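Summary of structural features
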Amino acid sequence: MSGSEREARAAVAAGVPISTADLVLQPVSPASAAALTAGDFSRIRPGEGWPHEDSMDGLRMAAQGLNVCWLITLGDIVVGECGTHAPPDPAGVVEIGYGLAAPYRGRGYGRQTVRALADWLLGQPGVTAVLARTDPGNVPSRRSLVGAGFRFEGETGGQCRYRLTGQSGGSE
């Protein structure tokens, strides 16, 4: 592993709170992720519909230290989660995932989340691009990515692929 790859991985692993106009992305430690996957919600206030069907996937990975995860909070209510799938690759590309509970969709929170997370990641040493994939039929997620400045790269393996670099302007 090169020095820049090590630096990028360390910076991303040190997740910090990230604020948007309406939300705060709160970092989740491996211990907290393990507690959440075990059903212990005593330290958070879950919003209606959270956790949703995909929430535990990222939290299980975070509990094992395989990714960096944030809870998406609106005030003191958890409305979703987001994070990286893995550390940045040797080229500095990091893939993200995100999800919102159904009652909080369609309000611009997805766009705010992916843009804030991507901006923070791109500000970390050695990170050159942020990648996101979504199902072709998930039009709200695709709109969130485009609205956050991601560029559509094409469809591979049944997934639409989007990328944001420091120079991206976003179009589909």
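Our next topic: the side chain of Thr20. Note that Thr20 resides in the loop between β1 (18-19) and β2 (24-28). Among the polar contacts listed, one links the side chain of Thr20 to the backbone nitrogen of Asp22, at a separation of 3.2 Å. Contacts of Thr20, omitting those with residues within four sequence positions, involve Gln112 and Ala116.

What follows deals with helix α3 (residues 55-63). Buried residues of α3: Ser55, Met56, Leu59 and Ala62, and no others. Considered in projection along α3, the buried side chains sweep an arc of 120° and stay on one side of the axis. Buried residues along α3 sit against β2, α2 (30-37), β3 (69-74) and β4 (77-84). Backbone geometry just after α3 places Gly65 at a positive phi near 75°.

With that settled, the discussion passes to the confidence of the model for the protein. Low-pLDDT stretches of the model should not have their predicted coordinates read in fine detail. Here the protein averages 89 in pLDDT, while 88% of its residues score no lower than 70. The low-confidence segment residues 168-172, where pLDDT is below 50, has 15 contacts with residues more than four positions distant or belonging to other chains.

Time to look at the nonpolar core. Residues Leu25, Leu59, Trp70, Ile96, Leu117, Leu121 and Phe150 are the most contacted members of the largest nonpolar core, which totals 39 residues. With seven residues, the top contributor of residues to this core is helix α4 (residues 109-122).

Once that is clear, we can look at the pattern of salt bridges. Scanning all chains against the criterion turns up six salt bridges. With a closest N to O distance of 2.9 Å, Arg115 and Asp119 form a salt bridge. Here the residue Arg115 and the residue Asp119 both occupy positions in helix α4, the gap between them amounting to four residues, near one helical turn. Asp119 sits in the partly exposed class, given a relative accessible area of 38%. One salt bridge in this structure joins Glu153 and Arg163, with 2.5 Å as the shortest N-O distance.

What follows covers the sheet that holds strand β6 (residues 129-134). As summarised here, the arrangement of the eight strands in space is β1-β2-β3-β4-β5-β6-β8-β7, forming an open sheet in which the pairing is mixed. Bordering the open sheet on either side are β1 and β7 (151-156), each of which pairs with just one other strand. Direction of pairing for β2 relative to β3: antiparallel, over a ladder of five bridges. Bridge pairing in β3 links Val24 to Thr73. Across the face of the sheet, α4 comes into contact with β1, β2, β3, β4, β5 (93-100), β6 and β8 (159-165) while running at roughly 155° to β5.

All right, on to the environment of Arg143 then. Mapping Arg143 onto the fold places it in helix α5 (residues 139-147). With a relative accessible area of 62%, Arg143 lands in the exposed category. When the C-alpha positions of Arg143 and Gly108 are compared, they lie 9.7 Å apart, and in sequence the two are 35 residues distant.

Their axes nearest at 7 Å, the elements α2 and α3 cross at an angle of 135°. Compared by their axis directions, α2 and α3 come out oblique. Two packed elements cross with a definite hand, and for α2 against α3 that hand is left-handed. Contacts from Pro30, Ala33, Ala34, Leu36 and Thr37 of α2 reach α3 at Met56, Leu59, Arg60, Ala62 and Ala63. Here the residues of the contact of α2 with α3 sort into eight nonpolar, one polar and one charged.

The rules behind the values
- Residues numbered from 1 in each chain as written.
- Predicted model: local features only at pLDDT ≥ 70, side-chain atom pairs only at ≥ 80, totals over all residues.
- Heavy atoms only, no water.
- Helix = DSSP H or I, 4+ residues; strand = E, 2+ residues; numbered from the N terminus.
- Polar contact = N/O pair within 3.5 Å; in protein donor to acceptor, adjacent residues only side chain to side chain.
- Contact = heavy atoms within 4.5 Å.
- Buried < 20%, exposed > 50% of the residue type's maximum accessible area, 1.4 Å probe, protein only.
- Arc of directions from axis to C-beta.
- pLDDT = per-residue confidence, 0-100.
- Core = buried A, V, L, I, M, F, W, Y, C linked by side-chain atoms within 4.5 Å.
- Salt bridge = Lys/Arg side-chain N within 4 Å of Asp/Glu carboxyl O.
- Pairing = 2+ DSSP bridges.
- Axes fitted to C-alpha atoms, helices over the stretch in contact; angles between N-to-C directions.
- Parallel < 35°, antiparallel > 145°, perpendicular 65-115°, else oblique.
- Left-handed = near helix turned anticlockwise from the far one by under 90°.
- Nonpolar A, V, L, I, M, F, W, Y, C, P; charged D, E, K, R; others polar.

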